[in-house]
Amino acid sequence: MSKKLLLGSLSLVLLSEISAQALPGIIKIERATGKENVLVLKPVGETPDGRISLAIQLGRVVDGKFIGGQKFLGLQKSSDEQADFELFATNGALTHAAPSMILSPIDGNIRMAKNQTLLTTNTINSLVPADQASCLTCDWSTGAESAKPGAAETCEDLGMAACLNPDGSSKFEGKLDGFAKTLKDLVDQARVRAAKAMGHASPDDSIRKEIEDAGITIKKDISDSAKKYLFYGDYGSYSQHSEMFADSAVCNERKTAASAYDYTREKDLDKLRARLKVSQDFESDMENIKIKLQSQNIPAFVGEFRAKCTEFSNVKKTLPADTKITDPDLSKLDEICTKITAFRTKAVDLFRKQGSPDHLIRAEQFIRDHMPALKAKSEDLKKTANNTPAPTPVPTPAPYDEELKLRNQIAEAISRSYSTCSGIDNALNLMPDRARSTALTRIDTSRTTVEFLVDSVFLESRKAKIDKMVEVVRTEAKGVVDRITTDANLRKSIHESYDRLTLTWLQKPDAQMYKKDPKTGVEVINTNKLSPFDPLAEAFGSSGLKFFTQLNAYYKPIIQFGSLRRDLNVTMMPIFVLMMEENPFAFLSVLSHEMGHNIGPRVSGINGYDMTESWQPMTSCLADASSVRMQPGQEDESIADTVSAEILSSLLTQLPADKRRQAAQAAIAPLCMFSRERDSAMAVDCLSTHPEPILRTSGIFGGNQDLRRTLGCKGDAIRYRSCSLSGL
């Protein structure tokens, strides 16, 4: 059985039942240069459902001999003699051809009857070289977990088959931790190298030096939990200041010792005087420490007046309007609270002088000038108002006058000691964070760190493999577009958008992108030279290198601010780059998902080509309770999964039938890992922007009829209605 497609004056014989040994058909393409190019179509196998797989090779005829060049693959849509014939180019611009395709005698482009260009002489050169494109997926590994038996058969429930062992336990227990640890180790190595380049033994020593330069003395022996807080910002391991900082420890030790003395029973006046002297000396010493620390953090000192002024205002409201304040400290407090802008302006002026030789002297003087007002007791306002009668003193028996006076003074000193130590702790609150951030920013943006991480993760060998995947997915995504809309202008716009879409791949900055750090002399990235859209800004910015340790991937639509523009982009974070080497199918499915966002119902509108109406049959199907009951707001994520499933379905046809199910399980491994994270947290969130992982694996991927057909599955999935493109 055969049929012919007329291509200008040429013909191509297509056989619905044909052996791999049959002669290939030849499509001739005339180029403007006069050189002769041909497309050779050769059947290489048959799918379980009767479709014919074709190897398609671009080449030239020289002296009557065919010289092969770039390759890609095709697939006959069905075994029915009258069915359309489709070419699915996995490494080029060719997408779908119908029996009415023609060869243009003018420009040598293959076109459909409606003048839609399928393959042009301009796109031919962008195809992957022949020695790299014979079969994209044939040599890929799938990861050990995908080879294990699952809790269900693939065709019954793809999610259960891919994610769970037969006993219901996770196939991927600790898998994410393994990838994260590998990257964390790389980050740690980079930071050690950078710290040593700065003359420090380790990043911890670098942070310690920065903290101590801020006027904070760290105790020699601190607990492991305190180290986690100090050096890694782990607030779950937060310890009391007295466990970490010498000044806080000394203050609390002396405060405790003073409180332990039972002065209320002491009769000896000399011992009481000595005890008072100890308290006064302690108060004076700690006050100086407190002022020294507060001078490093003027904003925190100013903030202490917030509650003080509220308290003062409440007391003041209880007094007559003409009350005059005679106490100088309360008068100063009244001035600060009334003229708060002037007070804050002085603090801001001090900030402007930060780094100048006399800054700390000026800052300490600012605190000493305003400290009495902070200590003033608002309740004393009633006693010191000039029109309020002074309370009549209660006479005390003469023999007890000195003793009671000393006891009262000691009590007041002890009370103040609590306030003083609290003030020291308050002054310390933000300083370690600021010092740690300063030190780590210097380490993380150093040339040593940047080049080590880029060289360790973004290898050229990995880039070559990933670039090939990007081109394949780009072409497959265009094919999805052509299946869901017949609008030629819309197709053209989206095809062009896919041509512009790029994948983030970090490159080492040029030498001029660095500057000398004034404190250490090491080279660090000059962030002022980075565009906000530069991926280096994200990777080595303020996130503390989390770019390298988080499992994430995302699509970015077009953004433009004035002359700054970021075109369409997909970022696959380093953890996926590592995963790609063990399981390329996982990388491919996530990449397809992210590139699928380019045509999502809502995101496409941002890009200027609204696909909402085109996707309406699919979103209605997914929203049905017999499918995954997609919620409002989940449209773009669900459609991105659908695009990924469709692309996976197409690409798996390259594999022998007995390898496809394992490859499909491997492809959804990242969703299995996400699912395990949800399981561990005992969390169910069906209303977030992403459907629950089990709905994605079993419902959207496992229920996709095109993918099921490729896997040799019959009918719909047991638990989920099919919502594939061919079924709508």
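See the structure above.
Described in the following lines is the structure provided in the data block. (Residues numbered from 1 in each chain as written. Predicted model: local features only at pLDDT ≥ 70, side-chain atom pairs only at ≥ 80, totals over all residues. Heavy atoms only, no water.)

### Thoughts on the overall build of the chain
Just so we agree on the cut-off: Numbering of helices and strands runs from the N terminus, with a helix taken as a DSSP run of H or I at least four residues long and a strand as a DSSP run of E at least two residues long. Buried means the residue's accessible area, taken with a 1.4 Å probe over protein chains only, is under 20% of the maximum for its type, while exposed means over 50%, and partly exposed covers the values in between. Note on contacts: a residue pair is in contact if any heavy atoms of the two residues lie within 4.5 Å. Accessible surface area values rest on a Shrake-Rupley calculation with a 1.4 Å probe, where residue burial reflects the displayed protein chains alone.
Counting its secondary structure elements, the chain contains 29 helices and 17 strands. In the chain, which comprises 728 residues, the share counted as buried stands at 50%. Counting contacts in the chain only where the partners sit at least 6 residues apart, residues at least 24 apart contribute 64% of the total. Total accessible area on the chain stands at roughly 34700 Å², and carbon and sulfur atoms take up 51% of it.

### A look at the sheet that holds strand E17 (residues 569–572)
For the record, the criterion: Two strands are counted as paired when DSSP detects at least two bridges linking them. Fitting a line to C-alpha atoms yields each axis, with helices limited to the stretch in contact; the angle taken between N-to-C directions then spans 0 to 180 degrees.
Pairing in this open sheet of 3 strands is mixed, and the strands run E11-E17-E14 from one edge to the other. Edge strands, defined here as strands with exactly one partner in the open sheet, are strand E11 (502–503) and strand E14 (553–556). Where E14 meets E17, 4 bridges bridge the pair, whose relative direction is antiparallel. When the bridges of E17 are listed, tyrosine 554 appears paired with threonine 571. Those strands touched by helix H22 (residues 584–596) are E11, E14 and E17, and its axis lies near 150 degrees from that of E17.

### Digging into the nonpolar core
Most often, soluble globular proteins have nonpolar side chains that are buried together. Short version of the rule: Among the buried residues, those of types Ala, Val, Leu, Ile, Met, Phe, Trp, Tyr and Cys that are joined through side-chain atoms within 4.5 Å form a nonpolar core.
Residues Phe540, Phe548, Leu591 and Trp615 are the most contacted members of the largest nonpolar core, which totals 104 residues. It is helix H18 (residues 460–484) that provides the largest number of residues to this core, a total of 9 residues. The contacts of tryptophan 615, once residues within four sequence positions are left out, are Val480, Ile484, Ile599, Gly600, Pro601, Ile639, Val643 and Leu725. Formed by 30 residues, the second largest nonpolar core is a distinct cluster that contains Ile222, Leu293, Ala427 and Leu440.

### What about the state of the cysteines?
Put simply, the rule is: The rule for a disulfide is simple: a pair of cysteine sulfur atoms within 2.5 Å.
Summed over the entire model, instances satisfying the criterion amount to 5 disulfides. Paired through a disulfide, cysteine 155 and cysteine 713 show a sulfur-sulfur distance of 1.9 Å. With the S-S dihedral at roughly -75 degrees, the linkage between cysteine 155 and cysteine 713 falls on the left-handed side. Of the two residues, cysteine 155 sits in the loop between helix H1 (121–124) and helix H2 (158–163) while cysteine 713 sits in the segment after helix H29 (705–710), which places them 558 residues apart along the sequence. Here cysteine 621 pairs with cysteine 723 through a disulfide, and the sulfurs are 2.0 Å apart. Taking the sign of the torsion about the S-S bond as the criterion, the disulfide between cysteine 621 and cysteine 723, at about -80 degrees, is left-handed. Of this pair, cysteine 621 sits in helix H24 (residues 612–623) while cysteine 723 sits in the segment after H29, placing them 102 residues apart in sequence. Pair check on accessibility: cysteine 621 and cysteine 723 agree, each one buried.

### Observations regarding the packing of aromatic side chains
This is how it is decided: In summary, the pairing rule links any two rings of Phe, Tyr or Trp, Trp by its six-membered ring, whose centres are within 6.5 Å, and it sorts them by plane angle into stacked for under 30 degrees, edge-to-face for over 60 and tilted for everything else. We call a charge positioned above a ring when the Lys NZ or Arg CZ atom is no farther than 6 Å from the ring centre and deviates by at most 35 degrees from the ring normal.
Going through the model one piece at a time under the given rule, you end up with 10 aromatic pairs. Measuring from centroid to centroid gives 4.9 Å for phenylalanine 458 and tryptophan 505, while their planes differ by 90 degrees, and the two rings are edge-to-face. You can see phenylalanine 458 sitting in the loop between helix H17 (447–457) and H18 and its partner tryptophan 505 sitting in the loop between E11 and strand E12 (514–516), a full 47 residues away along the chain. Residue classification places tryptophan 505 among the buried positions, given a relative accessible area of 11%. The interplanar angle of 20 degrees and the centroid separation of 6.2 Å between the aromatic rings of phenylalanine 533 and phenylalanine 561 together place this pair among those described as stacked. Here phenylalanine 533, found in the loop between strand E13 (523–525) and helix H20 (535–539), pairs with phenylalanine 561, found in strand E15 (residues 559–561); they are 28 residues apart in sequence, far enough to count as distant. According to the relative accessible area criterion, phenylalanine 561 is exposed, its value standing at 56%. Among the aromatic residues, those joined into a ring-pair cluster are Phe301, Phe305, Phe343 and Phe366. Positioned above the aromatic ring of tyrosine 229, the side-chain terminus of arginine 436 is 5.5 Å from the ring centre.

### Structural notes on the packing of H18 against helix H25 (residues 635–651)
Note the following rule: Oblique is the label for any angle not under 35 degrees, not over 145, and not in the 65 to 115 range, which are roughly parallel, roughly antiparallel and roughly perpendicular in turn. Note on convention: the crossing is left-handed when the near helix lies turned anticlockwise from the far helix by less than a right angle, right-handed when the turn is clockwise. Under the grouping applied here, Gly and all other residues not named as nonpolar or charged are polar, the nonpolar ones being Ala, Val, Leu, Ile, Met, Phe, Trp, Tyr, Cys and Pro and the charged ones Asp, Glu, Lys and Arg.
At their nearest, the axes of H18 and H25 sit 10 Å apart, and the two run at 110 degrees to each other. On the basis of the axis angle, H18 is roughly perpendicular to H25. Between H18 and H25 lies a crossing of right-handed hand. Contacts between H18 and H25 involve Val472, Val473, Glu476, Ala477, Val480 and Arg483 from the former and Val643, Glu646, Ile647, Ser650 and Leu651 from the latter. For the contact of H18 with H25, the per-class residue count stands at 7 nonpolar, 1 polar and 3 charged.

### Remarks on the packing of helix H4 (residues 203–213) against helix H16 (residues 431–444)
Relative orientation of the contacting elements H4 and H16 amounts to 130 degrees, with a least axis distance of 8 Å. When the axes of H4 and H16 are compared, the pair comes out oblique. Viewed along their axes, H4 and H16 form a crossing whose handedness is right-handed. Contact with H4, carried on its side by Pro203, Ser206, Ile207, Glu210 and Ile211, involves Pro432, Ala435, Arg436, Thr438, Ala439, Leu440, Arg442 and Ile443 of H16 and no other residues of that element.

### Structural notes on the pairing of E17
Neither face of E17 is exposed, since Asn569 and Thr571 on one face and Val570 and Met572 on the opposite face are all buried. Sheet analysis places E11 next to E17, joined by 2 bridges and oriented parallel. Following the sheet pairing, leucine 503 is matched in E17 by valine 570.

### Things to note about H22
Condition: What a helix is expected to span follows from its residue count: subtract one and scale by 1.5 Å.
Taking 1.5 Å per residue as the helical rise, H22 with its 13 residues ought to reach 18 Å, and the 18 Å between its terminal C-alpha atoms agrees with that figure. Here H22 lies mainly inside the structure; 13 of its 13 residues are buried.

### Here's the deal with the pattern of salt bridges
For clarity, the cut-off: Should a side-chain nitrogen of Lys or Arg be within 4 Å of a carboxyl oxygen of Asp or Glu, the pair is scored as a salt bridge.
On inspection of all chains with the given rule, the structure shows 42 salt bridges. Aspartate 185 serves as the salt-bridge partner of lysine 181, at 2.9 Å between the closest nitrogen and oxygen. Placement of the pair is lysine 181 and aspartate 185 together in helix H3 (residues 175–197), with a separation of 4 residues, close to one helical turn. Between lysine 519 and aspartate 213 there is a salt bridge, with the nearest N and O atoms lying 2.8 Å from each other. In this pair, lysine 519 is assigned in the loop between E12 and E13 and aspartate 213 in helix H4, connecting sequence segments 306 residues apart. Given the relative accessible area of 42%, lysine 519 is considered partly exposed. Given the relative accessible area of 38%, aspartate 213 is considered partly exposed. One network of salt bridges, with partners in common, ties together Lys209, Glu210, Asp213, Arg442, Asp517 and Lys519.

### What about the environment of asparagine 429?
Formally: What qualifies as a polar contact is a pair of N or O atoms within 3.5 Å, subject to a donor-acceptor requirement within protein and to the restriction that residues adjacent in sequence count only when both atoms come from side chains.
One can find asparagine 429 in the loop between helix H15 (401–428) and H16. Apart from the residues lying within four places of it in its own chain, the contact partners of asparagine 429 are Tyr229, Tyr238 and His241. One polar contact links asparagine 429 to histidine 241, side chain to side chain, over a distance of 3.3 Å.

Purely spatial values, then, with no claim about function.
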